[in-house]
Amino acid sequence: MLSPRAAALAVLVVSAAVLGLAPILVRLADAGPAAAAFWRLAFAVPLLLVLTARPRALGGDGAGTGRPTKWMALAALFFVLDLSFWHYGIAFTSVANATVLTNLTPVVVTLVAWVLFRERPRALFVLALALALGGAFAMSAGADGRQGSNPRLGDAFAAITALWYAGYFLVVKHARGTASAGRVMLWSTALGAPLLLGVSLALGEPLLPGSAAGWAACAAMGLMHVIGQGGVAWSLGRLPAALTAVTVLIQPVVAALLGWWLFAETMTAIQLTGGAALLGGVVLAQWATRKKTPGRVGSGGPEGPTIAA
């Protein structure tokens, strides 16, 4: 039998690996980038509805669906911006770059807390920030021109995604004060789906996948959304933030390996060095900003800034 901590870590590892499938499934969806994001949420809503509405004894979270709050609606808006920019980033640049650059989110969250809430980080965080930003620049500048149709634009979209995802986490932090993780996830997903549909139609994208394989990829994204995001949220309530910060970095590693295997995407030496520096900066930033509370478990919380998209 696994201990509760070991079980939570196992769930976190599996969930982070599942989320690493996201950029691969977007490529295989055979629909527009925003349309693929719409189908991800559309397929996830029924599953989330069942899991949230079912009694805890039957595998649900026992909280019920309830009603959406303004914070859940705002979370949906940020998540729509996050998926829209990220999916276009995936379309224009390599899977590895699009996934790694979005992991600047924890750094952005800490910066926002510093500027808006006067939560001044340690000097070590400034070093971590410089390391992460330098790595992000190296990943973009080191592209060899064969990693997507427009690598620089795709990298920019992926980096901007970190801003939207940071906003999503900060809003979810407020929403989680009065609602369960399952309820917040349900309503942010349900409210976000029609917004993404509108974005897709406004951009004139092909809405319907053009093949059976495309439909299968869209359905798989919905299942991935529930399993991956839900599993990470569950684990974050049971593990220290520093540990989760390192563990969720499995996602870009899985995505990069799959991109190399399925799409023959390679990275230059400069990009590999930059990616390592960026991820190292994120881990260092997490370590520099964690609270000194001995024995505290779950300091990341379901709303912590370490869940990947």
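Just above sits the structure.
Residues numbered from 1 in each chain as written. Predicted model: local features only at pLDDT ≥ 70, side-chain atom pairs only at ≥ 80, totals over all residues. Heavy atoms only, no water.

Q: Would you explain the overall build of the chain in this entry?
A: Within the chain, the regular secondary structure consists of 13 helices and zero strands. Across the 309 residues that make up the chain, the buried fraction comes to 49%. Pairs at least 24 residues apart make up 88% of the contacts formed inside the chain by residues separated by at least 6 positions. When the accessible surface of the chain is summed, it comes to about 13,600 Å², and 71% of that surface belongs to carbon and sulfur atoms. (Helix = DSSP H or I, 4+ residues; strand = E, 2+ residues; numbered from the N terminus. Buried < 20%, exposed > 50% of the residue type's maximum accessible area, 1.4 Å probe, protein only. Contact = heavy atoms within 4.5 Å. Areas by Shrake-Rupley, 256 points an atom, 1.4 Å probe, with all protein chains shown as cover.)

Q: I would appreciate a short explanation of the nonpolar core in the present structure.
A: Within soluble globular proteins, side chains that are nonpolar tend to cluster in buried spots. By size, the foremost hydrophobic cluster in this structure holds 53 residues, and its most contacted members are L83, V107, Y168, L196, M221 and L278. The contacts of L83, once residues within four sequence positions are left out, are A37, R40, L41 and L196. The next biggest cluster of nonpolar side chains, apart from the first, holds six residues, and it includes L12, L19, V232 and V248. (Core = buried A, V, L, I, M, F, W, Y, C linked by side-chain atoms within 4.5 Å.)

Q: What exactly am I supposed to notice about the environment of L25 here?
A: Examined against the element boundaries, L25 turns out to sit in helix α2 (residues 22-28). Taking the relative accessible area as the measure of exposure, L25 reaches 12% and is therefore buried. C-alpha separation for the pair L25 and A217, spaced 192 residues apart in sequence, amounts to 5.4 Å. Setting aside its immediate chain neighbours within four residues, L25 contacts A217, A220, M221 and M224.

Q: Help me understand unusual backbone geometry in this model?
A: Only a minority of non-glycine residues have a phi that is not negative, and only a minority of peptide bonds are not trans. Positive phi outside glycine occurs at D30, with the angle close to 60°. By the element assignment, D30 lies in the loop between α2 and α3 (33-53). Residue class for D30 comes out partly exposed when judged on its relative accessible area of 39%.

Q: I tried to follow the packing of aromatic side chains on my own but got confused; where do I start?
A: Describing an aromatic ring pair means giving the distance of the ring centres and the angle of the ring planes. Under the defined criterion, the tally for this structure stands at 12 aromatic pairs. Taking 4.9 Å as the distance between ring centres and 70° as the angle between the ring planes, the aromatic pair formed by W39 and W215 counts as edge-to-face. Pair noted here: W39 is in helix α3 and W215 is in helix α10 (residues 212-236), with a separation of 176 residues, a long-range link. Taking 5.7 Å as the distance between ring centres and 55° as the angle between the ring planes, the aromatic pair formed by F85 and W164 counts as tilted. Separated by 79 residues along the polypeptide, F85 in helix α4 (residues 70-92) and W164 in helix α8 (residues 151-175) bring together distant segments of the chain. Grouped by ring-pair contacts, the aromatic residues F78, F85, Y88, F92, F157 and W164 constitute a single cluster. Positioned above the aromatic ring of F263 is the side chain of R27, whose terminal nitrogen or guanidinium carbon lies 5.1 Å from the ring centre. (Phe/Tyr/Trp six-rings, centres within 6.5 Å; stacked < 30°, edge-to-face > 60°. Lys NZ or Arg CZ within 6 Å of the ring centre and 35° of its normal.)

Q: Can you walk me through a nonpolar patch on the surface in this structure?
A: A cluster of nonpolar side chains, contributed by V253, L257, W260, W261 and L262, occupies part of the molecular surface with about 600 Å² of accessible area. With respect to the element layout, V253 can be found in helix α12 (residues 250-263). Its relative accessible area of 43% is what places V253 among the partly exposed residues. (Patch = residues over 30% accessible without salt bridge, like charges linked within 9 Å, V, L, I, M, F, W, Y side chains within 5 Å. Salt bridge = Lys/Arg side-chain N within 4 Å of Asp/Glu carboxyl O.)

Q: Any chance you could explain the packing of α3 against helix α9 (residues 181-202) here in plain terms?
A: The description of two packed helices rests on the angle between their axes and on the distance between the axes. Running from N to C, α3 and α9 point in directions that differ by 150°, and their axes come no closer than 8 Å. Taken as axis vectors, α3 and α9 run roughly antiparallel relative to one another. For the crossing formed where α3 meets α9, the hand is left-handed. Residue-level contacts link A34, A35, A37, F38, L41, A42, A44, V45, L48, L49 and T52 of α3 to G182, R183, M185, L186, T189, A190, G192, A193, L196, L197, V199 and S200 of α9. Split by residue class, the contact of α3 with α9 holds 17 nonpolar, five polar and one charged. (Axes fitted to C-alpha atoms, helices over the stretch in contact; angles between N-to-C directions. Parallel < 35°, antiparallel > 145°, perpendicular 65-115°, else oblique. Left-handed = near helix turned anticlockwise from the far one by under 90°. Nonpolar A, V, L, I, M, F, W, Y, C, P; charged D, E, K, R; others polar.)

Q: How do you make sense of the packing of α4 against α9 when you look at a structure like this?
A: Two elements in contact, α4 and α9, have axes whose closest approach is 8 Å; the angle formed by their N-to-C orientations is 50°. For the element pair α4 / α9, the angle class is oblique. Viewed along their axes, α4 and α9 form a crossing whose handedness is right-handed. Seen from α4, the contacting residues are M72, A73, A75, A76, L77, V80, L83 and S84; seen from α9, they are R183, V184, W187, S188, L191, G192, L195, L196 and V199.

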